[in-house]
Structure formats: C-alpha cells, structure tokens
Amino acid sequence: MFKRTLNKLETKTTNNNKLNPNKADTLETVPTKKINPLIYGSELFANSTGFAVNQNIATPINYVIGPNDELSLIVYGVQQFSSNLTVTKEGKVNIDNVGQVKVSGLTIEAATNVIKNQLAKTAYPSIRSGESKLSLTLNDIRTIQVTVIGAMKSGTMNVSSLSNVLTVLTESGGPNEIGSYRNIEIIRDNNVFKTIDLYQFMRNGDQSQIVGLKDNDIVRVPPYTNRIELKGQVKRPGIFELKGQETFSTYLQYAGGFDDTAYTALVKVIQKNDKEKAVKDLTAANFTSYIPQGGDVVKRLYCRRYGNQQRGEHKHRTKDEDATHRRRALLLQVGLGAVFADLLAELEDLQPTNERRVQEQRQRERCQRRHDNAKRWISQDVQEREFRHERI
C-alpha cells in the first residue's frame, strides 16, 4: 500500500514537472529570430558557428600587434636566446640586454625586421652576419572589443584579435531583416575605414572584402536602399539588393541563371509607381542594358512543352489543344509578348472541348425533358381537379 502511494506521488511530481518546466528549460526552448532565407547572402549566417575563428593556425604575417599580445622570440644559430614578450599598454616589449622596442601597430613581419635590426646592433651581432637567425611568432591571442550595429543581435562583444568582419557578423546573427549586405561599414577612429560588399565575396570569392578588425572598431549595417525579387524558373529565386548601375544580367548571374524549364527569350517585369503597377516584357536583347528599379518583381515564364523530342517523349494533343498551341506560337512570332500569349492560352484552356460540348448539350436536353414532363403532369392534375369540382 505504501509503495503504491509512493509511486502515485512520484508520477504526479513527474507530470507537474512536465507541465511546469523550470526557468532555465523555458529559456532554452525560446525560438530565436531567423533571417529570411530568400535574401541573397543569408546562407552565410544560417550557421552561427560556420565562421568561428580557428586559433590553432600559424601566425599571419599581416597580423597587427597590439597591447596585451604575447610574442615568442627565438634566436638560434651561433647565438641562442628565447623569451616570451608581452606587449605593454604603451605598445613596447622589453628584451634582455637590448632594451625596449616599440612594436604596437606593426604587423608580425614588420615587427620581426625591427627587432632583428635592434638585436644585431646590440647583443647579437651574429644575426647581421647571418650566422644566427631570428623567429617571432604570436604566442597568445589577445581579446579585442568591437561593436555591431544593425545586426540580429547588435551590441558590444569581446572577440579574438584574429576576427574579421565576417566572423563578427556571424556571431551577431548577420544583418537584420532590413540590413544591407552591400554597404556594411567598418568605422575606425570615427571615420569609415572600409565599406564591405558581401555580394563580391559570394560571387567572386573576393578576399579583400574580409577585413580584419581592431580594438574598438564599429561594424555598422545600414538599412538597404532598394531590393528586387526574382521569381519563377531561375536556379536561385530570391530577393536581391540593388547597387550602382548593375544591369539585370548581373542579377541573373547572382540567381544562378535560368533553369532548364525557363523561357529564356524574355521575362515579365512588374513595376510599381505612386498609383499603380505596370507589367512589361523584357527581352533577352535588353538584359545587359536594363537597370532594375527598387520594388521590381521579375518572373521567368515556364516553357510549356508537350514533349521532349530529344528523349523521344511525346504527348498526344487533341485538335483543340493543337489549335491553341499554334495560336500561341503565332502570337510569339508577331511579337505580342509571352505574357499575353500565356494569358490567352489559359483562357482557351477554360473553353470547353467538343466532347464536353456534347455532354453539356445532352445534359440540357435531359433537363428540358424533365421540365416538359413536370408541366404535363401538373396540367393533367389541374384538369382532373376541375373535372371533379364540376361533378360536385
């Protein structure tokens, strides 16, 4: 009896815990806001750890030394010496028998040459003759503080000094829903140091867009200016940000080009103005000259094929379907536009075929016969009632 009661109490406690999870569990299940996957470039930030800094790498020669960095200095050859040097707040390192050498603000390569010359002039003359060699590497990576504005998780964060603009944006969740991917600013000493265009990195792998950060840098993601949307038969439908005088062909390359089912001779462009929307055809000859406007929606048309002759696949067409196909081809040849041709084809698809016309005619005849029979029955019933009334 006691065991049954205890089991009931344990079961009740477990159910209460399921119904009322603790605060930590509740916080873990809160969904985080995600970037619209249709935005071109959003896949860079889909994985928050996709661009984490690898600290187990060789020291980059363009790494800029700063306060609190720990350097490893090794002299080998005829003369030997090794020491761990910590960069002071003043940007200097203290070397035994040599003195203080300023290295802050220098790259690893430049600092190596400065220290090498200083050692050769003082306690290590064999370096000058080449009998001894010198090695300077980064022993411990310092932490820097940067501020991110306009990201999904904006704020100030402490990151590795090896971090660049892409790793910091990844840790902050990427640009927010109105953030630009093409005009990201790195502000250093109250001036815009560089403007980043992630489209160039994604399309061409341009490493010049991936800039290393310094302490107290600000990464600012401004709102986008204009966007267009590409729909239909392209390999990567999505939303693309406009910049400069880029033509439609450039954005078509961003989208990966047409797929195999696309009608490539022209596209349909839906534009909006202050009062209404306008639809126009953009032919392939104008792809390299047309500059899209903000808010444009570009649709690729589906190529309506009744069979793939290369594969030997054919679909039987009725006489009505064949006539519709010929009329649409004629409209395309005279230049009335694929949009109008598709619209006419869809309207003609709604028109009844000969077989359906026959069925509808038969249905009307059946309904008429039922109506005539009902009138005849009603008339006979009325006549019978009048006859009975006269006899009475």
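Summarised in this report is the structure supplied together with it. Just so we're clear, the structure is a prediction, and the values are computed from it rather than from any experiment. In this convention, every chain numbers its residues from 1, walking through the sequence in written order. Side-chain atom pairs in this predicted model are given and counted only at pLDDT of 80 or more, local residue features only at pLDDT of at least 70, and totals for whole chains, interfaces and linings cover all residues. Think of the side-chain values as coming from all heavy atoms in the structure, minus any hydrogens and water.

Some words on the overall build of the chain
Step number 1: Counting from the N terminus, the helices are DSSP H or I runs at least four residues long and the strands are E runs at least two residues long. Helix and strand counts for the chain stand at 10 helices and 15 strands.
Step number 2: Within the span of the chain, comprising 392 residues, buried residues form 33% of the whole.
Step number 3: Contact criterion: two residues are considered in contact whenever any of their non-hydrogen atoms come within 4.5 Å of each other. Expressed as a percentage of contacts within the chain between residues at least 6 apart in sequence, the contacts between residues at least 24 apart total 58%.
Step number 4: For accessible areas, the Shrake-Rupley method is used with a probe of radius 1.4 Å. Any residue's cover is judged against the shown protein chains and nothing else. Of the accessible surface of the chain, which amounts to about 25500 Å², a share of 48% is contributed by carbon and sulfur atoms. A simple rule labels every residue: compare its accessible area, found with a 1.4 Å probe on the protein chains alone, to the largest value its type can have, and call it buried under 20%, exposed over 50%, or partly exposed in between.

A closer look at the nonpolar core
Step number 1: Here, nonpolar core refers to any group of buried Ala, Val, Leu, Ile, Met, Phe, Trp, Tyr and Cys residues whose side-chain atoms link them within 4.5 Å. Core analysis: the largest hydrophobic core is formed by 45 residues, its most contacted members being F45, L169, L198, F240, F248 and V267.
Step number 2: When near neighbours in sequence (up to four residues on either side) are disregarded, L198 contacts L44, F45, L166, Y181, R182 and I184.
Step number 3: Listed in part, the 24 residues of the second largest apolar core include L71, A111, Y124 and L162.

Quick look at the pairing of strand β7 (residues 155–160)
Step number 1: Across 6 bridges, strand β6 (residues 143–149) lies against β7 in antiparallel orientation. Looking at β7, one finds that V146 is bridged to M157.
Step number 2: Hairpin connection of β6 to β7: 5 residues between the antiparallel strands, including G150 at a positive phi of 85 degrees. Two strands make a pair as long as DSSP finds a minimum of two bridges between them.

Regarding the pattern of salt bridges
Step number 1: Counted as salt bridges are all cases of a side-chain nitrogen of Lys or Arg within 4 Å of a carboxyl oxygen of Asp or Glu. Counted according to the given criterion, the structure contains 7 salt bridges.
Step number 2: R236 is the partner of E43 in a salt bridge, and the nearest nitrogen-oxygen pair spans 3.1 Å. Of this pair, E43 sits in the loop between α2 (23–28) and β1 (70–77) while R236 sits in the loop between β11 (227–231) and β12 (238–241), and the two are 193 residues apart along the sequence.
Step number 3: For the salt bridge of R142 with D69, the shortest nitrogen-to-oxygen distance reads 2.4 Å. Residue R142 is found in the loop between β5 (132–140) and β6, and its partner D69 is found in the loop between α2 and β1; the two are separated by 73 residues along the sequence.

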